[in-house]
Amino acid sequence: MNLIINISVVLLIYSSFILPAAQAQRIQTEFDVRLVAEGLQFPWGMAFMPDGNILITEKIGQLRIVTPNGRISDPIKGVPAVLVQQQGGLLDVALDPGFSKNRLIYLSYSEPEGSKASTAVARAELNNGSLEKLRVIFRQWPKTEGGVHFGSRLIFSPDGNLFITLGDRGDQMEEAQRLGNHIGKIIRIRPDGTVPSDNPFVNDPKAKPEIWSYGHRSVQGAAIHPKTGELWIHEHGPKGGDEINIPQPGKNYGWPMASYGNHYNGVPIKNEHASQGFEEPIHYWTPSIAPSGMVFYTGKQFPGWRDSLFIGALAGRHLVRLSTDNKQVLNEERLLTNTLRFRDVEQGPDDALYLLTDEENGKLLKLTPK
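Residues numbered from 1 in each chain as written. Predicted model: local features only at pLDDT ≥ 70, side-chain atom pairs only at ≥ 80, totals over all residues. Heavy atoms only, no water.

Overview of the overall build of the chain
Looking only at helices and strands, the chain features 1 helix and 24 strands. The C-alpha radius of gyration of the chain comes to 20 Å, within 12% of the 21 Å expected for a compact globule of 370 residues. Taking the principal axes of its C-alpha atoms as reference, the chain extends roughly 55 × 55 × 40 Å. Out of the 370 residues belonging to the chain, those deemed buried represent 57%. (Helix = DSSP H or I, 4+ residues; strand = E, 2+ residues; numbered from the N terminus. Rg over C-alpha atoms; globule rule 2.2 N^0.38 Å. Buried < 20%, exposed > 50% of the residue type's maximum accessible area, 1.4 Å probe, protein only.)

Things to note about the side chain of Arg321
For Arg321, the location among the structural elements is in strand 20 (residues 318–325). We classify Arg321 as buried; its relative accessible area is 10%. A polar side-chain atom of Arg321 sits 2.7 Å from a polar atom in the side chain of Ser308. A distance of 2.6 Å separates the side chain of Arg321 from the side chain of Glu333, its partner in a polar contact. With residues near it in sequence (within four places) discarded, Arg321 still touches Gly304, Trp305, Ser308, Leu309, Phe310, Asn331, Glu332, Glu333 and Leu335. (Polar contact = N/O pair within 3.5 Å; in protein donor to acceptor, adjacent residues only side chain to side chain. Contact = heavy atoms within 4.5 Å.)

Considering the nonpolar core
Ranked by internal contacts, the top residues of the largest apolar core, which has 20 residues, are Leu55, Leu63, Ile105 and Leu131. Elements with a contribution of two residues or more to this core: strand 5 (62–66), strand 6 (90–95), strand 7 (104–113) and strand 8 (116–127). Among the elements that take part in this core, strand 8 stands out by supplying 4 residues, more than any other. Discounting residues that sit within four places of it in the chain, Ile105 has contacts with Leu55, Leu63, Ala94, Leu95, Phe99, Ala122, Arg123, Ala124, Leu126 and Leu131. Formed by 18 residues, the second largest nonpolar core is a distinct cluster that contains Tyr106, Leu179, Phe201 and Ile211. (Core = buried A, V, L, I, M, F, W, Y, C linked by side-chain atoms within 4.5 Å.)

Considerations on the pattern of salt bridges
With the rule as written, the count across this model stands at 17 salt bridges. In this structure, Arg188 and Asp198 form a salt bridge, with 2.9 Å as the shortest nitrogen-oxygen distance. Taken together, the residues Arg188 in strand 12 (residues 185–189) and Asp198 in the loop between strand 12 and strand 13 (211–214) connect sequence positions 10 residues apart. A network of salt bridges, in which partner residues are shared, links Asp92, Arg153 and Asp344. (Salt bridge = Lys/Arg side-chain N within 4 Å of Asp/Glu carboxyl O.)

Some thoughts on the pairing of strand 15 (residues 231–235)
Within strand 15, 5 of the 5 residues are buried, leaving the element largely enclosed by the surrounding structure. Burial along strand 15 is two-sided: the residues Leu231, Ile233 and Glu235 and Trp232 and His234 are all buried. By the bridge criterion, 5 bridges tie strand 14 (residues 219–224) to strand 15 in an arrangement that is antiparallel. Bridged to Val219 within strand 15 is Glu235. Here strand 14 folds back onto strand 15 in antiparallel fashion, the turn holding 6 residues, of which Gly229 has a positive phi close to 75 degrees. Pairing between strand 15 and strand 16 (residues 242–245): 3 bridges, direction antiparallel. What sits directly across from His234, in strand 16, is Ile244. Where strand 15 hands over to strand 16, the hairpin turn is made up of 6 residues, of which Gly240 adopts a positive phi near 95 degrees. (Pairing = 2+ DSSP bridges.)

Structural notes on the sheet that holds strand 13
Across the sheet, which stays open at both edges, the 4 strands sit in the order 10-11-12-13 with antiparallel pairing between neighbours. Two strands lie at the open edges of the sheet, namely strand 10 (154–156) and strand 13, each paired on one side alone. Neighbour to neighbour, the strand axes of the sheet diverge by 20 degrees on average, direction disregarded. Examined bridge by bridge, strand 12 and strand 13 share 3 bridges and lie antiparallel to one another. Among the inter-strand pairings, Lys185 is bridged to a residue of strand 13, identified as Tyr214. (Axes fitted to C-alpha atoms, helices over the stretch in contact; angles between N-to-C directions.)

A look at the sheet that holds strand 5
Remark on secondary structure: sheet strands pair via backbone hydrogen bonds, oriented parallel or antiparallel. Strands sit in the order 3-4-5 across an open sheet of 3 strands; the sheet is antiparallel. Each having just a single partner strand, strand 3 (43–48) and strand 5 make up the two edges of the open sheet. Taken over all neighbouring pairs, the strand axes of this sheet differ in orientation by 25 degrees on average, direction set aside. In this structure, strand 4 (residues 54–58) lies alongside strand 5, joined through 5 bridges in antiparallel fashion. Pairing of Thr57 across the sheet is with Leu63, part of strand 5.

See the structure below:
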């Protein structure tokens, strides 16, 4: 595809705190948005391969390779069976840190079992358009009814361990506070599925040893901070209260006992986190923007955006840029407002930003300076 859309966007920077109107700043930014490919069926996650091609998952249960010039491959063979229902399907994809030598990739997906399902992660070798030696390395326990709140993002930490973000499966929200299951948790495992010896609950016989943190609702964004190496995540709130957290080992992030949103039936939730023994989010949105996808920008094409955190918005139909300092969000800038549902955002090897749109005729877009 060779279509270029020139966009001049007037942007309003929103503080993470409530500020007088006089302190809001208006700036104008010009950049190009190139349509790289279209015709993807509800694309969900992407990963850049060393040869410049892009692995993209489609929620309907297909994995494809898209070339830099927009050619979309036939579906890759050997993808595991998935439950395609509401928020369920084939979700994220990640490359093994040693992909160039071992050809290993990782997939998260809603794995069916009869009428029930849960989030699972499988790894396999990618060779000649097929997945070989596929093995499930993690299964969320227990499997439950319903098609919502599966999570799930996959991200490798600098120490080589794999973080898996999960959801509370909707009706199981109370289980997010209990350590004997994987509901509403962040998981940390080795690439082969075994448990690191320094996980926070590895010596607790009443807890699942894979748990890194708990009290989460549905986490669809994760990124490693380029300077600190820490995991940052965002999660969907209920009616309001989408959050950004920096999950620390063994810490409780409050769901469903604390939130800056309300239940869908209008019942309020206590927004006091610390007083109840929970961790406070570093940033939140009320009303919800329905965040999905997340990346820290470290490239050279946009020098003014270096170390910014980019997040796609589904309900908000825009791209969020957050200026950060240490563990604080300083300002919020909204780009491409009132346009499309952005499911994922990643930085490419060319230092451009790439976006996936959440739609039946899903698009891969590329942002470069104008």
